[in-house]
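Examination of the molecular architecture
Letter by letter, the chains look like this.
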Amino acid sequence: MMIARTTRTGWLLVLPLFAFIIVAFIGPIALMLARSVYDPELAELMPRTRTALSTWNGDGMPPASAFDSTQADLRAAVQQGRAGRLALRLNREQSGFGSLIDRTTTALSLQPTARLADLDPRWGAPAIWQILASGTQPFTASHFLNAFDLKIAAGGGIEFQDKSRRIYVELFVRTLSVAAFVTIFCALLGYPLAHAIARSGPRLRLVLLFVVMLPFWTSLLVRATAWIVLLQRRGVLNEALVASGLLGDNQRLALMYNLTGTVIVMVHVLLPFFVLPLYSVMTGLPGAYVRASASLGARPFYTFWRVYLPLTYPGIASGSVLVFVLSLGYYVTPALVGGRTGQLISNQIAFHMQKSLNWGLAAALGSILLTIVVAIALILPRLTQRGGLRA
């Protein structure tokens, strides 16, 4: 009885934590996944069109009832003040669709009984109706197709977007590349620093830990502004190089508002996430292994490569995962210092959430990013076990 009561009390204590996780974490993720495939906006704006096209097989022109239904939906949109919203939504499906809606709704207000094909000849194109037939379905894969720079072709197949709209695959590749570079640079800079902290005396260790922890105690905006002052064309670094004669005034380095600036600032911000896990592993390593290797005649580099480095693999793996995953979702730093070429996929997600209001596409991009993060979290432990990364 006492054990059951203790167990019940324990569950009651953690219940608020479970509720918080569901409301603040699981719930928003589930909503995001749902929005990526469920988009009822067009179905709500054009209910008659959806009903009329539901039985159309997509070949040739739709039945005459579809024209009448679409015309009735357009008149209703004008009366309800939703014509602009409808034009914006359809323009996401195909560039130029918005102008067709604007022109048609304006003409309908002057000629209420005119036929659609008489108001604009584009209504006589089967491709327009195929877009309406697929777009008015509440469940759609178009957002995920768009996230991979694909679209549904006029004949119902899948084809690439126009070259001017192929941006998301490039952004995903750039995001993964930046995350990889940032992780590599953090490893190259963080490993010697973590080793120095682990092997230093108490006073020096406190100083070095303070230097590592300092970015945590400084506002991200302040850090980004400081790097802008240091690295811009008229910044401290370029002015020093020009004053020393190493560079001419017209040879200033472009280190800010590009991909270079994004990587530099991200390495500075994320370096502690690599150093601290590795430092905790290094402090727990027994020195007897290294001394035994040296006593057996191994040279320092061989001892480091075959003994010390493998023992620190768990710290390297933990720090690398932290840095890589955080780099994938970084938003503020690329927005402040990235310029046009330093933007990552997170900036595009924020753009669709805040400005274009294309929440379905933003949800699809976020879902793909979440899948990448989950895959890394699932694959890395297996590689760690099979590859001998555990000490």
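Residues numbered from 1 in each chain as written. Predicted model: local features only at pLDDT ≥ 70, side-chain atom pairs only at ≥ 80, totals over all residues. Heavy atoms only, no water.

Right, let's talk about the overall build of the protein chain for a bit. Helices and strands together make up the secondary structure of the protein chain, namely 20 helices and 2 strands. The globule rule puts the C-alpha radius of gyration for 391 residues at 21 Å, and the 29 Å found for the protein chain is more than 25% above it. The proportion of buried residues among the 391 residues of the protein chain is 38%. Total accessible area on the protein chain is roughly 21800 Å²; 67% of this is exposed by carbon and sulfur atoms. (Helix = DSSP H or I, 4+ residues; strand = E, 2+ residues; numbered from the N terminus. Rg over C-alpha atoms; globule rule 2.2 N^0.38 Å. Buried < 20%, exposed > 50% of the residue type's maximum accessible area, 1.4 Å probe, protein only. Areas by Shrake-Rupley, 256 points an atom, 1.4 Å probe, with all protein chains shown as cover.)

Within the secondary structure layout, Ala298 lies in the loop between α15 (288-295) and α16 (300-311). In this structure Ala298 comes out as partly exposed when scored by relative accessible area, which is 22%. Leaving out residues up to four positions away in the same chain, Ala298 has contacts with Ser293 and Thr303. (Contact = heavy atoms within 4.5 Å.)

Once that is clear, we can look at the nonpolar core. Ranked by size, the top nonpolar core spans 35 residues in total, and within it Val182, Cys186, Tyr191, Met266, Leu270, Leu278 and Met282 carry the most contacts. Where this core is concerned, the elements lending two or more residues are α10 (168-199), α11 (202-213), α12 (220-231), α14 (259-283), α16 and α17 (313-328). With 12 residues, the top contributor of residues to this core is α14. If sequence neighbours within four positions are ignored, Tyr191 has contacts with Cys186, Phe274, Leu278, Met282, Phe304, Tyr308, Leu309, Thr312 and Ile316. Judged by nonpolar contacts, the second largest core, of 27 residues, contains Leu45, Ala66, Leu90 and Phe97. (Core = buried A, V, L, I, M, F, W, Y, C linked by side-chain atoms within 4.5 Å.)

Turning our attention to the pattern of salt bridges. Oppositely charged side chains can pair when the atoms bearing their charge come close. The tally for this structure, following the rule as stated, stands at 12 salt bridges. Note that Arg89 and Glu41 form a salt bridge whose closest N and O atoms lie 3.5 Å from each other. With Arg89 in helix α5 (residues 83-93) and Glu41 in helix α2 (residues 41-45), the pair connects residues that are 48 residues apart, well separated along the chain. Glu41 shares its class with Arg89; the two are buried. Here the residues in one salt-bridge network are Asp39, Glu41, Arg85, Arg89 and Arg92, joined through shared partners. (Salt bridge = Lys/Arg side-chain N within 4 Å of Asp/Glu carboxyl O.)

Let's shift gears to the packing of aromatic side chains. On inspection of all chains with the given rule, the structure shows 7 aromatic pairs. Measuring from ring centre to ring centre gives 6.4 Å for Phe181 and Phe185, while their planes differ by 20°; the resulting arrangement is stacked. With a gap of 4 residues between them, Phe181 and Phe185 both fall in helix α10, about one helical turn apart. Note on Phe181: relative accessible area 47%, which makes it partly exposed. Exposure remark for Phe185: the relative accessible area of 36% places this residue in the partly exposed category. Here Tyr191 and Phe304 contribute two aromatic rings whose centre-to-centre distance is 6.0 Å and whose plane-to-plane angle is 85°, an arrangement assigned as edge-to-face. Of the two residues, Tyr191 is situated in helix α10 and Phe304 in helix α16; the sequence distance between them amounts to 113 residues. Accessibility expressed as a relative area gives 12% for Tyr191, which makes it buried. What makes Phe304 partly exposed here is its relative accessible area of 29%. (Phe/Tyr/Trp six-rings, centres within 6.5 Å; stacked < 30°, edge-to-face > 60°.)

Let us now look at the packing of α10 against α16. Close contact between α10 and α16 brings their axes to 14 Å; oriented N to C, the two are set at 75°. Between α10 and α16, the angle is such that the two are roughly perpendicular. Across the interface between the two elements, Tyr191, His195 and Arg199 of α10 pack against Phe304, Tyr308 and Leu309 of α16. (Axes fitted to C-alpha atoms, helices over the stretch in contact; angles between N-to-C directions. Parallel < 35°, antiparallel > 145°, perpendicular 65-115°, else oblique.)

Our next topic: the environment of Ile316. Positionally, Ile316 belongs in helix α17. Contact partners of Ile316, with chain neighbours within four places excluded, come to Tyr191, Phe274, Leu278 and Leu309.

Turning next to the UniProt feature "transmembrane region" (unreviewed entry) in the protein chain. The positions UniProt marks with the feature "transmembrane region" (unreviewed entry) are residues 12-38, 171-194, 206-230, 263-290, 311-332 and 359-380. Taken end to end, residues 12-38 is 96% helix and 0% strand, and its two terminal C-alpha atoms sit 36 Å from one another. Between the end C-alpha atoms of residues 263-290 the distance is 35 Å, and the span holds 86% helix and 0% strand. (UniProt positions renumbered as here; feature names shortened; annotations may be inferred.)

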